[in-house]
Amino acid sequence: MAIEHLQHEHEEEGEPGEALLYLSIPGFVVFALLGLIKLRLGYKTRSASMKKDAICSLTGAALSLCVAIGNLLVRVSSSWWWFDAACALVASLGLLLFGLHDLWNNAAKGHSWWRARFWGTPSRQRQRGRKPSAQQGSRSGGGGGGGG
C-alpha cells in the first residue's frame, strides 16, 4: 500500500503537515507521562536503569514537541524548515554526553566495562569453577550503576 501511494499522484486531505500535528502532540503527551512515571519509579526503587530509561522517554517527548512547534513555525514562515532537525541534533548531542558521562562515572567506580570479563555472566564463571567477584555480583541488580 505504501509503494502504491508513492507511485501514483495523490492529493492529501487537510493542510500540509496536519498529520504531523496529529501524531506529534499525542506522542509528546504519552512520552512525557511515561518519562515522568519512570523517573519517579527510578528514584523510589533507586534504579539507575529506570532513571536512564526515563531520560530516553523524556527526550522522545521533547523531540515530539519540537516536531509540533517546527510544524507550526513552518506554517508562519518557511524559513523555519530547520527547526526540528536542529532539535534532533541537540537531543542527540545531549544523549551522547549523558552516556559518556555515565561511562566515565562507572569507570571511576571501578567498573571496567571495556574489558571482556566485565560482560561475562556469573553462571558462566561458576561453570569454569570460579566464584563471581563482589563487583560483578553487585552489577546484576543495579542496571549499570551510574547514579543518573
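Quick caveat: nothing in here was measured; it's all calculated off a predicted structure.

Colleague: Help me get a handle on the overall build of the protein chain, residues and values and all.
Modeller: A count of helical and extended segments in the protein chain gives six helices and zero strands. Counting from the amino terminus, the protein chain carries its helices and strands in the arrangement α-α-α-α-α-α. Residue burial in the protein chain is summarised as follows: out of 148 residues, 22% are buried. Sequence-distant contacts in the protein chain: of pairs separated by 6 or more residues, those separated by 24 or more amount to 57%. Carbon and sulfur atoms provide 66% of the accessible area of the protein chain, an area that totals close to 10900 Å².

Colleague: Describe the packing of aromatic side chains, listing the residues and the values that go with them.
Modeller: Considering all chains together, one arrives at five aromatic pairs under this definition. Judged by centre distance (6.3 Å) and plane angle (75°), the rings of Trp80 and Phe83 are edge-to-face. On the accessibility criterion, Trp80 (33% relative accessible area) is partly exposed. Assessed through its relative accessible area of 18%, Phe83 is described here as buried. Taken together, the ring pairs connect Trp80, Trp82 and Phe83 into an aromatic cluster.

Colleague: Give a description of the packing of helix α2 (residues 18-45) against helix α3 (residues 48-76) that names residues and reports values.
Modeller: Put simply, α2 and α3 touch, their axes get as near as 7 Å, and they point 155° apart. For the element pair α2 / α3, the angle class is roughly antiparallel. Judged by the sense of rotation from one axis to the other, the crossing of α2 with α3 is left-handed.

Colleague: Break down the packing of α3 against helix α4 (residues 83-108) for me, with residues and values.
Modeller: α4 packs onto α3 with a crossing angle of 165° between their chain directions and a minimal axis gap of 8 Å. Classified by the angle their axes make, α3 and α4 are roughly antiparallel. Here α3 runs over α4; the crossing is right-handed. In this structure, α3 contributes Lys52, Ile55, Thr59, Leu63, Cys66, Val67, Ile69, Gly70 and Leu73 to the contact, and α4 contributes Phe83, Asp84, Cys87, Ala88, Ala91, Leu95, Phe98 and Asp102. Grouping the amino acids of the contact of α3 with α4 by side-chain chemistry returns 12 nonpolar, two polar and three charged.

Colleague: Go over a nonpolar patch on the surface with me, naming the residues and quoting the values.
Modeller: A surface patch of nonpolar side chains, amounting to about 440 Å² of accessible area, comprises Ile25, Val29, Leu33, Ile37 and Leu41. With respect to the element layout, Val29 can be found in helix α2.

Colleague: I'd like a description of unusual backbone geometry, backed by residues and values.
Modeller: The phi dihedral of Arg46 is positive, around 55°, even though this residue is not glycine. Relative to the assigned elements, Arg46 resides in the loop between α2 and α3.

Colleague: Please set out α4 residue by residue, giving values where relevant.
Modeller: The first and last C-alpha atoms of α4 sit 38 Å apart over 26 residues, in line with the 38 Å expected at 1.5 Å per residue. In this fold, the buried residues of α4 make contact with α3. Looking one or two places after α4, you find Gly110, whose phi comes out positive at around 95°.

Colleague: Please set out the pattern of salt bridges residue by residue, giving values where relevant.
Modeller: Scanning the entire structure with this criterion turns up two salt bridges. Residues Lys38 and Asp53 are paired through a salt bridge, measuring 2.9 Å at the closest nitrogen-oxygen approach. In this pair, Lys38 is assigned in helix α2 and Asp53 in helix α3, connecting sequence segments 15 residues apart. Residue class for Lys38 comes out buried when judged on its relative accessible area of 17%. A relative accessible area of 34% places Asp53 in the partly exposed class.

Scoring rules and cut-offs
- Residues numbered from 1 in each chain as written.
- Predicted model: local features only at pLDDT ≥ 70, side-chain atom pairs only at ≥ 80, totals over all residues.
- Heavy atoms only, no water.
- Helix = DSSP H or I, 4+ residues; strand = E, 2+ residues; numbered from the N terminus.
- Buried < 20%, exposed > 50% of the residue type's maximum accessible area, 1.4 Å probe, protein only.
- Contact = heavy atoms within 4.5 Å.
- Areas by Shrake-Rupley, 256 points an atom, 1.4 Å probe, with all protein chains shown as cover.
- Phe/Tyr/Trp six-rings, centres within 6.5 Å; stacked < 30°, edge-to-face > 60°.
- Axes fitted to C-alpha atoms, helices over the stretch in contact; angles between N-to-C directions.
- Parallel < 35°, antiparallel > 145°, perpendicular 65-115°, else oblique.
- Left-handed = near helix turned anticlockwise from the far one by under 90°.
- Nonpolar A, V, L, I, M, F, W, Y, C, P; charged D, E, K, R; others polar.
- Patch = residues over 30% accessible without salt bridge, like charges linked within 9 Å, V, L, I, M, F, W, Y side chains within 5 Å.
- Salt bridge = Lys/Arg side-chain N within 4 Å of Asp/Glu carboxyl O.
- Expected span 1.5 Å × (residues − 1).

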